[in-house]
Amino acid sequence: MLLLFTGSLDGTSDRLIQELGHSAFRFNYNLCKEYHLEFTPDYWEITNPAGHSINSNTVTRAFWWKAFNFYLMDEEPFIVEEAKYIFRELYHWCRIRGLVKGNPPDFHNHMGKMNILNLAANYFQIPQTLISFQLAGVDKLAGKEVVAKSLTSGLTTTNKALFTTEVKIETLHPNYPWFLQEKINSDADITVFLCGDKQFAFSRSRANLKGLDWRKEQDFEMTSQEWFTFDLTLEQTLSIANFAKNLNVDWGRLDFMIHQDNFVFLEFNANGQWVFLDYTNEIGLVKTVADYLLPKP
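Residues numbered from 1 in each chain as written. Predicted model: local features only at pLDDT ≥ 70, side-chain atom pairs only at ≥ 80, totals over all residues. Heavy atoms only, no water.

## A few points about the sheet that holds strand S2 (residues 24–28)
Strand order in this open sheet of 4 strands is S2-S1-S6-S7, and the pairing throughout is parallel. The open sheet has two free edges, formed respectively by S2 and strand S7 (100–101), since each of these has just one partner strand. Packing of helix H1 (residues 11–20) onto the sheet brings it into contact with strand S1 (2–6), S2 and strand S6 (61–64), and relative to S2 it is tilted by some 155°. (Pairing = 2+ DSSP bridges. Helix = DSSP H or I, 4+ residues; strand = E, 2+ residues; numbered from the N terminus. Contact = heavy atoms within 4.5 Å. Axes fitted to C-alpha atoms, helices over the stretch in contact; angles between N-to-C directions.)

This is the structure:
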C-alpha cells in the first residue's frame, strides 16, 4: 500500500486517490489530529477517520506531495513543529527502507539552483546566471536583458510572490539578495515531465502572454488548453536522460526555452506540478504516475 503524505485540499492527490483507490492511504497533514497514530521504534500504524489503516508491515511505497503547503490552523507553534517532525520521521522511516518514490520535500535545500545549472551545462545551453549580495558581480550582466527570479518561491509578509520579472540592473537595491538571469527570448516555453523512465514534453506559446512568466497567467479553471505535446529530438531525449541520471532523479519537471534553435535549460523543479499538463487525461499522465508510484505486480 502507498502512503501518500499530502493535504486534504490538494487536487493532484484527489486524482491519484481516484486512480489508486484502496491501494493508497492518504495522510493529510492539515487534518493530522483527526487520525489515530501509533509510532514506536519498531512499529507504526495510522488509522484515518473512516477506519482505514496502514502500518509498517503493509506499507510498500511512500510519496511526499506538498504536505507542508497546507497548515494546521489556529495551533500553537509548538504543536505545529511537533506534527511536522512526526511527518518527516515517518517519511524518512520509509526512505531508510528504500520505499520512497519521487524526490524528498527538501531536495532543493541540498542541491540548489546554481548547482543544478552547473550540472545542466554538461548537457544543455544555460543562460548566464548570478546570485548576488550587495549587487556584487552584476557588471558581468552589463549590456544584457536581465530578469529577476525567486530562489524559493516564498511569499512576502503581504503574501506577494516574485515571478520572473525583467529588471534594469541600475535600479536594483543593494540591500536585497538577487537571483538574476540573462533573459531568453523565445516563442514558447517547453516543459518536460520526468516520471520513471518516461519523458513527457509539452510546449506553451508565449504569443499572448502579457508578461514573462506563464505561471502568473495560468488558467486554473482549465477552460482552455494551454499546453500541447512537443516532440523531443533523440539528442534532447538522451541529454535529459543523462542529466537525470547524473542528478540521480527519476521524477520532476525540467523547464526549457528554444532560442535560435538552441535548447536552453532554465531550471529543474524536483516536485513541480504536472496534472495541468494533461488535465483532460488525454495522454494518461495520472495513470502513468499511479503505475510509477505503485507498479502492478
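## Things to note about the pairing of strand S16 (residues 262–269)
Summarising the sheet, strand S15 (residues 251–259) and S16 pair through 7 bridges and their orientation is antiparallel. When the bridges of S16 are listed, Arg-253 appears paired with Asn-269. Hairpin connection from S15 to S16: 2 residues lie between these consecutive antiparallel strands, with Gln-260 at a positive phi of about 50°.

## Observations concerning helix H5 (residues 234–247)
Here H5 spans 20 Å end to end across 14 residues, near enough to the 20 Å set by a 1.5 Å rise per residue. Residues of H5 that are buried include every one of Gln-236, Ser-239, Ile-240, Phe-243, Ala-244 and Leu-247, and no others. Viewed along the axis of H5, the buried residues span an arc of 130°, placing them on a single side of the element. Every exposed residue of H5 that faces more than 90 degrees away from the buried side is listed here: Leu-234, Glu-235 and Lys-245. Looking at the buried residues of H5, the elements they touch are helix H3 (107–110), helix H4 (113–120), strand S12 (188–195), strand S13 (198–205), S15 and S16. Following H5 by one or two positions, Asn-248 adopts a phi angle in the positive range, close to 65°. (Expected span 1.5 Å × (residues − 1). Buried < 20%, exposed > 50% of the residue type's maximum accessible area, 1.4 Å probe, protein only. Arc of directions from axis to C-beta.)

## Describing the pattern of salt bridges
Applying the stated criterion to the full structure yields 9 salt bridges. Among the salt bridges present, the one from Arg-253 reaches Asp-255, with a minimum N-O distance of 3.4 Å. Just as Arg-253 is buried, Asp-255 falls in that class too. Between Lys-287 and Asp-291 there is a salt bridge, with its nearest N and O atoms 2.8 Å apart. Of this pair, Lys-287 and Asp-291 both sit in helix H6 (residues 285–293), 4 residues apart, which is roughly one turn of the helix. The class for Lys-287 is partly exposed, based on a relative accessible area of 43%. Here the salt bridges do not stand alone but share partners, grouping Glu-145, Glu-166 and Lys-183 into one network. (Salt bridge = Lys/Arg side-chain N within 4 Å of Asp/Glu carboxyl O.)

## Things to note about a nonpolar patch on the surface
On the surface, Met-114, Ile-131 and Leu-151 cluster together into a nonpolar patch covering about 230 Å² of accessible area. Counting through the fold element by element, Ile-131 comes out in strand S8 (residues 129–132). On the basis of relative accessible area, Ile-131 is assigned to the partly exposed category, the value being 40%. (Patch = residues over 30% accessible without salt bridge, like charges linked within 9 Å, V, L, I, M, F, W, Y side chains within 5 Å. Areas by Shrake-Rupley, 256 points an atom, 1.4 Å probe, with all protein chains shown as cover.)

## Describing helix H2 (residues 77–96)
When the terminal C-alpha atoms of H2 are compared, their 28 Å separation across 20 residues agrees well with the 28 Å that a helix rising 1.5 Å per residue should span. Along H2, the positions that sit buried rather than exposed are Val-80, Ala-83, Phe-87, Leu-90, Tyr-91, Trp-93 and Cys-94. Buried residues of H2 fall within an arc of 155° about the axis and therefore sit on the same side. For H2, exposure combined with an orientation more than 90 degrees from the buried face picks out Pro-77, Phe-78, Tyr-85 and Ile-96. Residues of H2 that are buried in the fold lie against S1, S2, strand S3 (36–40), strand S4 (43–47), S6 and S7. The positive-phi residue at the C-terminal boundary of H2 is Gly-98, with phi of around 70°.

## So, the packing of H1 against H6
Two elements in contact, H1 and H6, have axes whose closest approach is 10 Å; the angle formed by their N-to-C orientations is 70°. Put simply, H1 runs roughly perpendicular to H6. Here Arg-15, Leu-16, Glu-19 and Leu-20 of H1 lie close against H6, whose contacting residues are Val-286, Lys-287, Val-289, Ala-290 and Leu-293. For the contact of H1 with H6, a count of residues per class yields 6 nonpolar, no polar and 3 charged. (Parallel < 35°, antiparallel > 145°, perpendicular 65-115°, else oblique. Nonpolar A, V, L, I, M, F, W, Y, C, P; charged D, E, K, R; others polar.)

## Details of the sheet that holds strand S14 (residues 228–229)
Ordered in space as S14-S13-S12-S15-S16, the 5 strands form an open sheet in which the pairing is antiparallel. For this open sheet the edge positions go to S14 and S16, each flanked by a neighbour on one side alone. The sheet contact formed by S12 and S15 spans 7 bridges and is antiparallel. Note that in S15 the partner of Val-192 across the bridge is Leu-254. Lying over the sheet, H5 contacts S12, S13, S15 and S16, oriented at roughly 30° with respect to S16.

## Some thoughts on the pairing of S2
In terms of burial, S2 is a largely internal element, 5 of the 5 residues being buried. Across the two faces of S2 the burial is the same, with Ala-24, Arg-26 and Asn-28 and Phe-25 and Phe-27 all buried. Pairing between S1 and S2: 5 bridges, direction parallel. Following the sheet pairing, Phe-5 is matched in S2 by Phe-27. In the classification by handedness, the crossover that spans S1, the intervening H1 and the parallel S2 is right-handed. (Right-handed = clockwise from strand over helix to strand, strands pointing away.)

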